[in-house]
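A closer look at the structure
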Amino acid sequence: MTEIIRLLRAHIQNVAIHHTIFDLPFAFTGALMASGGHPGWLTLLWVAMALTGARCAALALDNLVDFKYDKVHPRFTRRPMVTGALTKRDAVIFIALCALVMLYSVMQLPDICLKLLPIAALPSVIYPFMKRITCWCHAVLGVAIAMAPAGGWMAAGGSIDFDLILLCSAVGLWIGSFDVIYGAQDIEFDISQGLHSMAVSVGAVNAFRLAAIGHLMSILTFCWLGVRLNLNYWYFIGIAVAACTLVYQHYITDERDFSWLTQVYFMRNGIVAAAMLIFTYANYL
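Residues numbered from 1 in each chain as written. Predicted model: local features only at pLDDT ≥ 70, side-chain atom pairs only at ≥ 80, totals over all residues. Heavy atoms only, no water.

**Some words on the side chain of Gln249**
Tracing the chain through its elements places Gln249 in helix H13 (residues 233-251). The exposure class of Gln249 is buried, given its relative accessible area of 3%. Ignoring sequence-local partners within four residues, the contact set of Gln249 consists of Tyr265, Arg268 and Asn269. (Helix = DSSP H or I, 4+ residues; strand = E, 2+ residues; numbered from the N terminus. Buried < 20%, exposed > 50% of the residue type's maximum accessible area, 1.4 Å probe, protein only. Contact = heavy atoms within 4.5 Å.)

**Examining unusual backbone geometry**
Unlike most non-glycine residues, Ala16 shows phi in positive territory, near 45 degrees. Topologically, Ala16 is positioned in the loop between helix H1 (2-15) and helix H2 (24-35).

**Digging into the nonpolar core**
Among the nonpolar cores identified, the biggest contains 67 residues, and Phe26, Trp174, Phe222 and Tyr235 are the most heavily contacted of them. If we skip the residues at most four places from it in the chain, Phe222 touches Phe26, Leu167, Ala170, Val171, Tyr235, Ile239 and Met276. Within the second largest apolar cluster, 13 residues are counted, among which are Ala10, Phe67, Met81 and Leu86. (Core = buried A, V, L, I, M, F, W, Y, C linked by side-chain atoms within 4.5 Å.)

**Overview of the state of the cysteines**
Per the stated rule, a full pass over the model turns up 0 disulfides. A disulfide-free cysteine, Cys113 has its sulfur positioned 13 Å from the sulfur of Cys168, the nearest such atom. On the basis of relative accessibility, which here comes to 10%, the residue Cys113 falls in the buried class. Cys137 takes part in no disulfide bond, and the closest cysteine sulfur to it belongs to Cys135, at a distance of 7.2 Å. (Disulfide = S-S within 2.5 Å.)

**Side note on the packing of aromatic side chains**
Going through the model one piece at a time under the given rule, you end up with 18 aromatic pairs. Arranged with centres 5.3 Å apart and planes meeting at 70 degrees, the rings of Phe162 and Trp224 form a pair that is edge-to-face. Taken together, the residues span a long stretch of sequence, with Phe162 in helix H9 (residues 162-183) and Trp224 in helix H12 (residues 204-228) at a distance of 62 residues. Taking the centre distance of 6.1 Å and the plane angle of 70 degrees together, the rings of Phe208 and Trp260 count as edge-to-face. With Phe208 in helix H12 and Trp260 in the loop between H13 and helix H14 (263-268), this residue pair connects regions lying 52 residues apart in the sequence. (Phe/Tyr/Trp six-rings, centres within 6.5 Å; stacked < 30°, edge-to-face > 60°.)

Shown next, in the form of structure tokens:
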């Protein structure tokens, strides 16, 4: 029993399960919008199960694929696979179990969700390899996270339409731009290992500028969606909270010293997702 608990804790640390704050709120937001505010609690439960399984599998896969880099990266010395708390075999088993949880949960949702699952899962599967190929790896992560609101939308009975595209675009631009900022701290390591990022390609200063443009486009897209769906002032208050959070995040950036890029900075980005869910829900009360 002690070994099981140890492994469970190591897996939870390995996949940083608290990072679900970045995508689960948007999955619920998509379900709210598609259903007019009444997606049903059972639908939300299966959406949460599917998304948590998918995210855990994706994060474990990312760490498994990047292990050869993580073990020589000064920031990742405490990662479970680096310390030996988890083996590659442990990671593979965990990925398989999480994938099964995801698959079973998706099967409880409308048939269209299962049919679209391979497409929705593809960005998460290929993302770990993208830094080896292109500086647009951040965009692939954006698409991967954008599958969360898409999944919630389709699970609640929505159809593939322009409003769904707007929602996914807003979310993708938000998280992709944030990843551009977060990845800039590894510019020296990435160069030494032959890896790609926007900061490596255009420099940290220009990368931050591109991220700011991406975040502006994200906020404008959220506004456009709200107008199209005829959402009330509560929704736009949520956008204001998200916008203020992003403005502050950009205000404190400094390409000369990355001491500001802490775990607090990282998790503060979750305010955007939480605010959009809370105020979208308030819109339908």
